[in-house]
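# Coordinate analysis (summary)
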Amino acid sequence: MATDYQRTLGVIEAITAARDQCPSGRARAIAEGALANLAGKGGASLRDQAWLVMNALLGWRGERADQVRRSLAAFLE
């Protein structure tokens, strides 16, 4: 089954993809922390957590990375 990298991901889906697929340990740790924060505090900090994760992904390259960044950026607009 082909992966659709053009699809816009949901915010939690994008953060989860960053946690599971980004090669940067630092970015994965930030995404893991963001998900833990959201689990504890709920959606009140969603915008802040999305911004933190998006900025941590600056070195990640490829179609999946572009999809995750684009999805987070669309949410933040």
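Structural data are supplied above this passage.
Residues numbered from 1 in each chain as written. Predicted model: local features only at pLDDT ≥ 70, side-chain atom pairs only at ≥ 80, totals over all residues. Heavy atoms only, no water.

Let us now look at the side chain of Gln67. Of note, Gln67 is situated in helix α4 (residues 63–76). Side-chain polar atoms of Gln67 contact the side chain of Arg64, separated by 2.8 Å. Once residues lying within four places of it in the same chain are set aside, the contact partners of Gln67 are Asp4, Tyr5, Arg7 and Leu9. (Helix = DSSP H or I, 4+ residues; strand = E, 2+ residues; numbered from the N terminus. Polar contact = N/O pair within 3.5 Å; in protein donor to acceptor, adjacent residues only side chain to side chain. Contact = heavy atoms within 4.5 Å.)

On to the environment of Arg69. Looking at the element boundaries, Arg69 is found in helix α4. C-alpha of Arg69 to C-alpha of Asn55: the two residues are 14 residues apart in sequence and 8.8 Å apart in space. Apart from the residues within four sequence positions on either side, Arg69 is in contact with Met54, Leu57, Trp60 and Arg61. For Arg69, the side chain forms a polar contact with the side chain of Asp66, separated by 3.2 Å.

Once that is clear, we can look at the nonpolar core. If you look at the biggest cluster of nonpolar residues, it comprises 23 residues, and the most contacted ones within it are Ile15, Ala18, Val53, Leu57, Trp60, Val68 and Leu72. Listing elements by their share of this core, those giving two or more residues are α1 (11–21), α2 (25–41), α3 (46–56) and α4. (Core = buried A, V, L, I, M, F, W, Y, C linked by side-chain atoms within 4.5 Å. Buried < 20%, exposed > 50% of the residue type's maximum accessible area, 1.4 Å probe, protein only.)

To continue, consider the pattern of salt bridges. What the rule picks out here adds up to four salt bridges. The shortest N-O distance in the salt bridge between Glu32 and Arg19 comes to 3.8 Å. Within this pair, whereas Glu32 is found in helix α2, its partner Arg19 is found in helix α1, the two being separated by 13 residues in sequence. The closest approach of N and O atoms between Asp66 and Arg69, which form a salt bridge, is 3.2 Å. A residue pair is termed a helical-turn pair when its members lie 3 or 4 positions apart in one helix, as Asp66 and Arg69 do in helix α4 at three residues. Looking at Arg69, the relative accessible area reads 16%, which means it is buried. It is possible to trace a salt-bridge network through shared partners that takes in Arg19, Asp20 and Glu32. (Salt bridge = Lys/Arg side-chain N within 4 Å of Asp/Glu carboxyl O.)

At their nearest, the axes of α2 and α3 sit 9 Å apart, and the two run at 175 degrees to each other. With respect to α3, the element α2 is oriented roughly antiparallel. Facing α2, whose interface residues are Arg26, Ala27, Ile30, Ala31, Ala34, Asn37 and Leu38, α3 presents Leu46, Gln49, Leu52, Val53 and Ala56. (Axes fitted to C-alpha atoms, helices over the stretch in contact; angles between N-to-C directions. Parallel < 35°, antiparallel > 145°, perpendicular 65-115°, else oblique.)

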